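What follows is the residue order along each chain.
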Amino acid sequence: MLNIKYELVENRKAKPDENSLGFGRYFTDHMFIMDYTDGKGWHDARIVPYGPLSLDPACMVFHYAQEMFEGLKAYRTADGTVQLFRPDKNIERMNNTNERLCIPKLDPADVLDAIKALVATEEAWVPSLEGTSLYIRPFIIATDVQLGVHPSHTYKFMIILSPVGSYYPEGIKPVKIFVENEYVRAVKGGTGFAKVGGNYACSLIGQKKAEEMGYSQVLWLDGIEHKYIDEVGAMNVFFVINGKIITPSLAEGSILPGVTRASCIELLRDMGYEVEERKLSITEVEEAYKNGTLNEAFGTGTAAVVSPMGLLDNGKEKMVINNEEIGPVAQKLYDTLTGIQWGKVEDKYGWTVKVK
Ligand code: COI
């Protein structure tokens, strides 16, 4: 067991209205912090009042973005207990990201202890209204005070919590997506497969452009030929073409290996659908649209859950998918996945983990 010191607040904050949580706007009373020092390893695990940090302006994270993060959720079930969804998968990805960014790895058991301990401390913050959850954001920053470009020798691992509703204001209603053909998010050999802030920083310009045109997010194409579909900013993507489900494969290393993505592939196959993980060109989607075989498109992610895409704009044509309505595959997937997460559907996969 991770040895965690507790410094608890005397007065807890008022909780926000569960009907208008949005995404990532409210934070709980406490946060988890653990430090790393070369030669000493990870040390001083603590749960302390949530609040600003005091950091030297020369800290490496501010200059060279040696930073990683994760995202998972805690769900309140009908009997009031709180459970996590596949935390082992997020923790595994966390260490894969750490390896890519030269951040020291964490003991997976310690990370799970830390998540459980913080969520248990903040149990009253786990909302119970349908469609709500407690978003868990673990992250690590490099804290060496120096301007040379080298891996840091000191880090802070932190976890903060935010009660959330749906990521998109649209909720489960289909979102409009712009196919980005100028900027790219990731290339083979880069950090596309890792969960690093830098990937999102470089995506902002495309996101801003898309939002100004009235779209929710950008569909990123591969960084070399601008031909193959990678992912949407906050989610992996799936297309239903002629009854078959296709999702871009992870082989190039430019796509985030989503925990929700992997779970959805398994659920869909168990439902009897054929799922192909392979290279998928935007042309193939455009052709399916033209010949009427583009049945559905949807994204998956921890924050986004299962979000149908109702319109894809490739700059030449606005492709309206399934009359901008959620399709049967996305609906069934959403119901099954969230059913398991909220404890309404039997978890025959062993994906859920009780917090206490
Ligand atoms: C998540 O789905 O947890 C994410 O991290 C996506 C996004 C909010 C950055």
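Colleague: Whenever I open this one, the site of the ligand confuses me. Can you help?
Modeller: Taken together, the neighbourhood of the ligand is formed by Phe69, Gly71, Tyr135, Arg137, Tyr167, Lys195, Tyr200, Ala234, Thr302 and Ala303. In the model, an oxygen atom of the ligand is placed 2.8 Å from a nitrogen or oxygen of the Ala303 main chain. When the ligand is considered free in solution it has 280 Å² of accessible area, and contact with the protein chains removes 90% of it. Its residues assigned to classes, the shell around the ligand comprises six nonpolar, two polar and two charged.

Colleague: Teacher, can you tell me more about the domain arrangement of the chain here?
Modeller: By a frequent convention, interface size equals the accessible area lost on bringing the separate parts together. Here the chain is partitioned into domain 1 (5-164) and domain 2 (175-341). The C-alpha-based centres of domain 1 and domain 2 are spaced at 27 Å. Of the residues lining the interface, 20 residues belong to domain 1; the matching set on domain 2 comes to 22 residues. Summing the contributions of domain 1 and of domain 2, the shared interface buries around 1700 Å²; its carbon and sulfur component is 61%. Ranking the residues of domain 1 by area buried against domain 2 places Phe85, Arg93 and Arg100 at the top, with a combined share of 35%. If you look at where domain 1 meets domain 2, you find zero salt bridges.

Colleague: Could you clarify how one ought to interpret unusual backbone geometry in this entry?
Modeller: Keep in mind that most residues, glycine aside, have a negative phi and that most peptide bonds are trans. Positive phi values are uncommon outside glycine, yet Asn322 reaches one of about 45°. Structurally, Asn322 can be placed in the loop between strand E17 (318-320) and helix H8 (328-341). Classification of Asn322 as partly exposed rests on a relative accessible area of 28%.

Colleague: Sorry if this is basic, but what is going on with H8 here?
Modeller: Given 3.6 residues to a turn, an α-helix orients residues that are three or four positions apart in the same direction. Taking 1.5 Å per residue as the helical rise, H8 with its 14 residues ought to reach 20 Å, and the 20 Å between its terminal C-alpha atoms agrees with that figure. Among the residues of H8, Val329, Ala330, Leu333, Leu337, Thr338, Gly339, Ile340 and Gln341 are the ones counted as buried. Positioned one or two residues after H8, Gly343 has a phi angle of 75°, which is positive.

Colleague: I keep staring at the pairing of strand E6 (residues 82-85) and nothing clicks. Help me out?
Modeller: Successive side chains on a regular strand alternate, one facing one side of the sheet and the next facing the other. The two faces of E6 match: Val82 and Leu84 on one face and Gln83 and Phe85 on the other face are all buried. Across three bridges, strand E5 (residues 72-76) lies against E6 in antiparallel orientation. Counted as the bridge partner of Ala74 is Leu84 from E6. Counting the residues in the hairpin turn of E5 and E6 gives five residues, including Gly80, whose phi is positive at 90°. Bridge count for E6 against strand E18 (residues 352-354) is three bridges, and the pairing is antiparallel. Opposite Phe85, over in E18, you have Thr352 as the bridge partner.

So, how was this worked out
Residues numbered from 1 in each chain as written. Predicted model: local features only at pLDDT ≥ 70, side-chain atom pairs only at ≥ 80, totals over all residues. Heavy atoms only, no water. Near = heavy atom within 4 Å. Polar contact = N/O pair within 3.5 Å; in protein donor to acceptor, adjacent residues only side chain to side chain. Areas by Shrake-Rupley, 256 points an atom, 1.4 Å probe, with all protein chains shown as cover. Nonpolar A, V, L, I, M, F, W, Y, C, P; charged D, E, K, R; others polar. Domains from an automatic or database assignment. Contact = heavy atoms within 4.5 Å. Buried area = accessible area lost by both parts, 1.4 Å probe. Salt bridge = Lys/Arg side-chain N within 4 Å of Asp/Glu carboxyl O. Helix = DSSP H or I, 4+ residues; strand = E, 2+ residues; numbered from the N terminus. Buried < 20%, exposed > 50% of the residue type's maximum accessible area, 1.4 Å probe, protein only. Expected span 1.5 Å × (residues − 1). Pairing = 2+ DSSP bridges.

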